[in-house]
Amino acid sequence: ARALTPQTAETDAIRFLVGTQSLRYDNQIHIIDFDDENNIINKNVLLHQVGEIWHISTSPADKGVLATCYNKTSDSKVMTCAAVWRMPKELESGSHESPDDSSSNTQTLELLCHLDNTAHGNMACVMWEPMGDGKKIISLADNNILLWDLQESSAKAVLSSSTALEGKGQLKFTSGRWSPHHNCTQIATANDTTVRGWDTRSMRQIYCIENAHGQLVRDLDFNPNKQYYLASCGDDCKVKFWDTRNVTEPVKTLEEHSHWVWNVRYNHSHDQLILTGSSDSRVILSNMVSISSEPFGHMVDDDELSDQEDQHQEDK
């Protein structure tokens, strides 16, 4: 497996979807439920019969709907395509049967629509509008940003606007994130060593961090509670934090990993907690209090601090 996502529309349960990458078999999506009261992990399996899964994302509004980017072979060429799916009703809210018998009752995903990329190239990822009603998604295909409207309860995807990355060389997006701030009108993308910001209304570039990393940028994430703050990671083994209003220098750099950093994610409740995964075989949880939305942590109420204590607290 290479693709993993939380089920964002699900607020009651702790649930993740994992996509498999098998060349020989039908691929699957595993619905992983963590029952934190009993400390048990339950699993249900859905068939994804169209190819190996490279990216997976879930609707913020409908917990039964998800999108995948998958490889398909046609005319001896491999294309990465994207589609929107619905899981069977009874699996939407998960179940707590024992995981042993999951193989016997495997069900299939229902295809809602394809995101047609024949004119645009290979799909790198699909992003849902974070606070939206699940009707707007953006896909990155080679050097194109495509904004889609899902209509007729997601059975039809209409391309509403697009833009392309212009320049020399082979320009390809590797990843992107949709900002939850500014009324969801901004996205950030990574291509090669560059991070760019875009306005989804005009599809114009609003900032560009050239050479954000010394090598390929692999992943991005916005601070969910603090506007303008963006984290990036890449093949230079570094994780960097940016204030998108002034992108000349990173606000902070982490150098804890010894190999490529593939993923970076903020904790949504406590944004001082940052999780990174790397091909040095380690997952590292960092505590970045100084650039979080609560620079004093939860323990201290800001009003209680005098200026002197304030200073002391910051030094700590």
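Keep in mind that this is a model prediction, so the values were computed, not measured.

1. With respect to the overall build of the chain
Step number 1: What the chain contains, in helices and strands, is two helices and 24 strands.
Step number 2: Looking at the chain as a whole, 48% of its 316 residues are labelled buried.
Step number 3: By element, 45% of the accessible surface of the chain is carried by carbon and sulfur atoms, the whole surface being about 16,300 Å².

2. Description of unusual backbone geometry
Step number 1: Positive phi outside glycine occurs at Asn183, with the angle close to 55 degrees.
Step number 2: Looking at where Asn183 falls in the secondary structure, it is placed in the loop between β14 (173-178) and β15 (186-191).
Step number 3: At Asp192, a position not held by glycine, the phi torsion is positive, near 55 degrees.
Step number 4: Within the secondary structure, Asp192 sits in the loop between β15 and β16 (194-199).

3. A look at the nonpolar core
As a rule of thumb, nonpolar side chains are buried together in soluble globular proteins.
Step number 1: If you look at the biggest cluster of nonpolar residues, it comprises 17 residues, and the most contacted ones within it are Val84, Leu115, Met123 and Ile137.
Step number 2: The set of elements that each furnish at least two residues to this core consists of β6 (65-74), β7 (77-86), β9 (110-115), β10 (123-128), β11 (136-141) and β12 (144-151).
Step number 3: Ranked by size, the runner-up nonpolar core spans 15 residues in total, among them Ile31, Leu46, Cys81 and Ala83.

4. Some points on the side chain of Thr80
Step number 1: The topology assignment puts Thr80 in strand β7.
Step number 2: Among all residues touching Thr80, those that are not within four sequence positions of it are Cys69, Tyr70, Asn71, Asn117, Gly121, Asn122 and Met123.

5. Structural notes on a nonpolar patch on the surface
Step number 1: Taken together, the side chains of Leu4, Ile14, Phe16, Phe34 and Ile41 make up a nonpolar region of the molecular surface, amounting to roughly 440 Å² of accessible area.
Step number 2: Its place among the elements puts Phe34 in strand β3 (residues 27-35).
Step number 3: When its relative accessible area of 30% is taken as the criterion, Phe34 is described as partly exposed.

6. Some points on the side chain of Asp35
Step number 1: Considering the arrangement of structural elements, one finds Asp35 in strand β3.
Step number 2: Notably, Asp35 is buried but unbridged: the nearest opposite-charge side chain belongs to Arg15, and the N-O separation is 11 Å.
Step number 3: Within the structure, the side chain of Asp35 is placed 2.7 Å from the side chain of Asn38, a separation counted as a polar contact.

7. Quick notes on the pattern of salt bridges
Pairing is possible between side chains that carry opposite charge, provided their charged atoms lie close to one another.
Step number 1: Summed over all chains, the structure comprises 11 salt bridges.
Step number 2: Its salt-bridge partner being Asp221, residue Arg177 comes within 3.0 Å of it at the nearest N-O pair. With Arg177 in strand β14 and Asp221 in strand β18 (residues 217-222), this pair connects stretches of sequence that are 44 residues apart.
Step number 3: On the accessibility criterion, Asp221 (4% relative accessible area) is buried.
Step number 4: Each member of the salt-bridge network shares a partner with another, and the members are Glu10, Arg15, Asp33 and Lys63.

8. Some details on the sheet that holds β15
Step number 1: The strand order β14-β15-β16-β17 describes an open sheet built from four strands, whose pairing is antiparallel. The open sheet is flanked by β14 and β17 (204-209), the only strands paired with a single partner. When the angles between neighbouring strand axes are averaged without regard to direction, this sheet yields 25 degrees.
Step number 2: As paired strands, β15 and β16 are joined by six bridges and run antiparallel to one another. Bridge assignment links Thr189 to a residue of β16, and that residue is Arg196.

9. Section: the packing of aromatic side chains
Step number 1: In this structure the tally under the stated criterion is two aromatic pairs.
Step number 2: Relative to Tyr266, the ring of Phe241 has its centre 6.4 Å away and its plane inclined at 70 degrees; by these criteria the two rings are edge-to-face. Within this pair, whereas Phe241 is found in strand β20 (residues 239-243), its partner Tyr266 is found in strand β22 (residues 261-266), the two being separated by 25 residues in sequence.
Step number 3: With relative accessibility at 0%, the residue Phe241 sits in the buried group.
Step number 4: By relative accessible area, Tyr266 is classed as buried at 6%.
Step number 5: A cation over a ring is seen here: Arg218 above Trp262, with NZ or CZ 3.9 Å from the ring centre.
Step number 6: Its end group placed over the ring of Tyr229, Lys226 keeps NZ or CZ at 4.2 Å from the ring centre.

10. Notes on the sheet that holds β6
Step number 1: Read across the sheet, four strands follow the order β5-β6-β7-β9 without closing on themselves; strand pairing throughout is antiparallel. Edge strands, defined here as strands with exactly one partner in the open sheet, are β5 (53-58) and β9. Across this sheet, the average inter-strand angle for adjacent strands is 30 degrees, counted without regard to direction.

11. Quick notes on the pairing of β18
Step number 1: In terms of residue burial, β18 counts as a mostly covered element, since six of its six residues are buried.
Step number 2: In this sheet, strand β19 (residues 229-234) lies alongside β18 in antiparallel orientation, the contact comprising five bridges. The partner of Leu220 across the bridge, within β19, is Ser232.

Criteria and thresholds
- Residues numbered from 1 in each chain as written.
- Predicted model: local features only at pLDDT ≥ 70, side-chain atom pairs only at ≥ 80, totals over all residues.
- Heavy atoms only, no water.
- Helix = DSSP H or I, 4+ residues; strand = E, 2+ residues; numbered from the N terminus.
- Buried < 20%, exposed > 50% of the residue type's maximum accessible area, 1.4 Å probe, protein only.
- Areas by Shrake-Rupley, 256 points an atom, 1.4 Å probe, with all protein chains shown as cover.
- Core = buried A, V, L, I, M, F, W, Y, C linked by side-chain atoms within 4.5 Å.
- Contact = heavy atoms within 4.5 Å.
- Patch = residues over 30% accessible without salt bridge, like charges linked within 9 Å, V, L, I, M, F, W, Y side chains within 5 Å.
- Salt bridge = Lys/Arg side-chain N within 4 Å of Asp/Glu carboxyl O.
- Lys, Arg positive; Asp, Glu negative; His and termini not counted.
- Polar contact = N/O pair within 3.5 Å; in protein donor to acceptor, adjacent residues only side chain to side chain.
- Pairing = 2+ DSSP bridges.
- Axes fitted to C-alpha atoms, helices over the stretch in contact; angles between N-to-C directions.
- Phe/Tyr/Trp six-rings, centres within 6.5 Å; stacked < 30°, edge-to-face > 60°.
- Lys NZ or Arg CZ within 6 Å of the ring centre and 35° of its normal.

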